[in-house]
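Chain residues, written in single-letter form:
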Amino acid sequence: MDSSRSRLDSELLYLISRYLSSGPCERAAEALKEELEEKALLPVRYDWTGCRRQQGLSTLTQQLPHIKPDHLPRLLESFVHLWNNACQPPVPGLTSLCNDGALSLLDVTQDARPIPRPADALLAVHHSRPAAYLERHKTSLSSLLKARQLTGVCSHKHMLEPTTFYSKFRKYRRLMGHLCASYCVLYDRTGTRVFTGADDCLLKIWSAQDGRLLSTLRGHQSEVADIAVDLENRLIASGGCDKVIRVWDLQTRAPIAVLLGHSGVITSLQFCPYPSRAIRYLVSTGADGNVCFWEYNPTTFAFCPAPTKFVERGKPGDQILCSSFSAGGCLLVCGGTDHIVRLYQSHPGPPERLAELDGHTDRVQ
């Protein structure tokens, strides 16, 4: 018998002795105590020289004050609870320590429930195919949604039916604080704060837990059209109908930059998720048909006042309406009223236009 098994046997005998000492079998407890001390079956201790020393039951009880007489049944209850959560019992509610066959707690042939996978483990890994174990293990809906947000790819057969998912939606809280309609709503990267931008020219920060108003950011002279949060959850940018982009520090709530580069309404804002230590980009599109890459330092938050600008207005009235970065942040795609989808590359090197895809017959938004 190995040392670990011998140690477990000694501890089990001690727990049985403690359990019998408080029950109706007092004579059995005394007999077990005498036999344990006589045959030296209790856990041993080591003195300062490293020599093994036998100890009596009373001494061991004084050294382990946290071991109560009900410690053994509590351990068994905890084991049964964990077993029910890890395995699918054939008959729920009929768990017993004395069961046999398929109901036995020692049946190791039963299929264990899959271990929940984190969202980053569900990313597409090869030619837009999910990881191989998605075919063998069930995954939670929240992990799949997070993986789809990171890569845009997930296995649809693992998704719950829409009726099952949306039927569990409940109104959590109603927030009132704006004086006009609010068309911009965004969570921060941690999900603990909610940002709202409204036609009252205000940007408000709310607590997602209790709905408290944490801060109000002022500066726009017209309606707020779009808002964006950077990858590190340090900066928030907002663009409005006043053709101005304003950037705030989320920790101090202080304004960092006022960016002037558009001659039309700001239609979309995107922080580049590319994790560069040297430079980052804030991308803005406008109703003037321009796509602007605003370079900034991720350490000092110093923004370059002159953006890298792409003028995409082919004819009067053309507007760029939407934009989105790839998961890695190297590629940006924009769409507008001229039916064209434009692809840009932000890293490595300076931003450049890669392609113009003309396949739509109506505006891309």
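Residues numbered from 1 in each chain as written. Predicted model: local features only at pLDDT ≥ 70, side-chain atom pairs only at ≥ 80, totals over all residues. Heavy atoms only, no water.

Focus: the pattern of salt bridges
Throughout the structure, instances matching the rule amount to eleven salt bridges. Measuring nitrogen to oxygen at the nearest pair gives 2.9 Å for the salt bridge that ties arginine 353 to glutamate 312. Taken as a pair, arginine 353 in strand β18 (residues 352-358) and glutamate 312 in the loop between β14 (308-311) and β15 (320-325) lie far apart in primary sequence, 41 residues in all. Note on arginine 353: relative accessible area 35%, which makes it partly exposed. In this structure glutamate 312 comes out as buried when scored by relative accessible area, which is 5%. Here aspartate 338 and arginine 342 are joined by a salt bridge, their closest N and O atoms 2.7 Å apart. Arginine 342 carries the same exposure label as aspartate 338, and that label is buried. Several salt bridges share partner residues, and in doing so they unite Glu312, Asp338, Arg342, Arg353 and Glu356 into one network. (Salt bridge = Lys/Arg side-chain N within 4 Å of Asp/Glu carboxyl O. Helix = DSSP H or I, 4+ residues; strand = E, 2+ residues; numbered from the N terminus. Buried < 20%, exposed > 50% of the residue type's maximum accessible area, 1.4 Å probe, protein only.)

Re helix α2 (residues 26-38)
Given 3.6 residues per turn, any residue in an α-helix points the same way as the ones three and four places further on. In a regular helix each residue adds 1.5 Å, so 13 residues correspond to 18 Å; α2 covers 18 Å between its end C-alpha atoms and thus fits that length. Ala29, Leu32 and Leu36 are the residues of α2 that are buried. The buried residues of α2 occupy an angular sector of 65 degrees when projected down its axis, which confines them to one face. Exposed residues pointing more than 90 degrees away from the buried face of α2 are listed as Arg27, Glu34 and Glu38. Alanine 40 occupies a position one or two residues after α2 and carries a positive phi of about 55 degrees. (Expected span 1.5 Å × (residues − 1). Arc of directions from axis to C-beta.)

Digging into the nonpolar core
Residues Val247, Leu259, Leu282 and Phe303 are the most contacted members of the largest nonpolar core, which totals 16 residues. Beyond its immediate stretch of four places on either side in the chain, phenylalanine 303 contacts Leu235, Val247, Ile256, Ala257, Leu259, Leu282, Trp294, Glu295 and Tyr296. (Core = buried A, V, L, I, M, F, W, Y, C linked by side-chain atoms within 4.5 Å. Contact = heavy atoms within 4.5 Å.)

Observations concerning the sheet that holds strand β6 (residues 213-217)
Pairing is antiparallel in the open sheet, where four strands are placed in the order β3-β4-β5-β6. Unpaired on one side and paired on the other, β3 (182-187) and β6 mark the two borders of the sheet. Each strand of the sheet is rotated relative to its neighbour by a mean of 20 degrees, with strand direction disregarded. In the sheet, β3 pairs with strand β4 (residues 193-198) via five bridges, with the strands oriented antiparallel. Looking across to β4, one finds that valine 185 is bridged to threonine 196. (Pairing = 2+ DSSP bridges. Axes fitted to C-alpha atoms, helices over the stretch in contact; angles between N-to-C directions.)

With respect to unusual backbone geometry
The peptide bond linking histidine 347 to proline 348 adopts the cis configuration, its omega dihedral lying at -10 degrees. Position of proline 348 relative to the elements: it lies in the loop between β17 (340-345) and β18. In the Ramachandran plot, histidine 339 falls in the positive-phi region, its phi being about 70 degrees despite a non-glycine side chain. Assessed through its relative accessible area of 26%, histidine 339 is described here as partly exposed.

Notes on the side chain of serine 17
Tracing the backbone shows serine 17 in helix α1 (residues 3-21). Not counting residues within four places of it along the chain, the set of residues in contact with serine 17 comprises Leu32, Leu36 and Leu57.

Notes on the sheet that holds strand β8 (residues 235-240)
An order of β7-β8-β9-β10 is seen for the four strands of this open sheet, with the pairing classed as antiparallel. Strand pairing shows two members of the sheet lacking a second neighbour, β7 (224-229) and β10 (255-260), which therefore form its edges. The sheet shows a mean angle of 20 degrees between the axes of neighbouring strands, direction not considered. The sheet contact formed by strand β9 (residues 244-249) and β10 spans five bridges and is antiparallel. By the bridge assignment for β10, valine 247 is matched with alanine 257.

Section: the packing of aromatic side chains
Taken as a whole and judged by the stated rule, the model has six aromatic pairs. With centroids separated by 4.7 Å and ring planes inclined at 20 degrees, the aromatic side chains of tyrosine 296 and phenylalanine 303 adopt a geometry described as stacked. Of the two residues, tyrosine 296 and phenylalanine 303, both sit in the buried class. (Phe/Tyr/Trp six-rings, centres within 6.5 Å; stacked < 30°, edge-to-face > 60°.)

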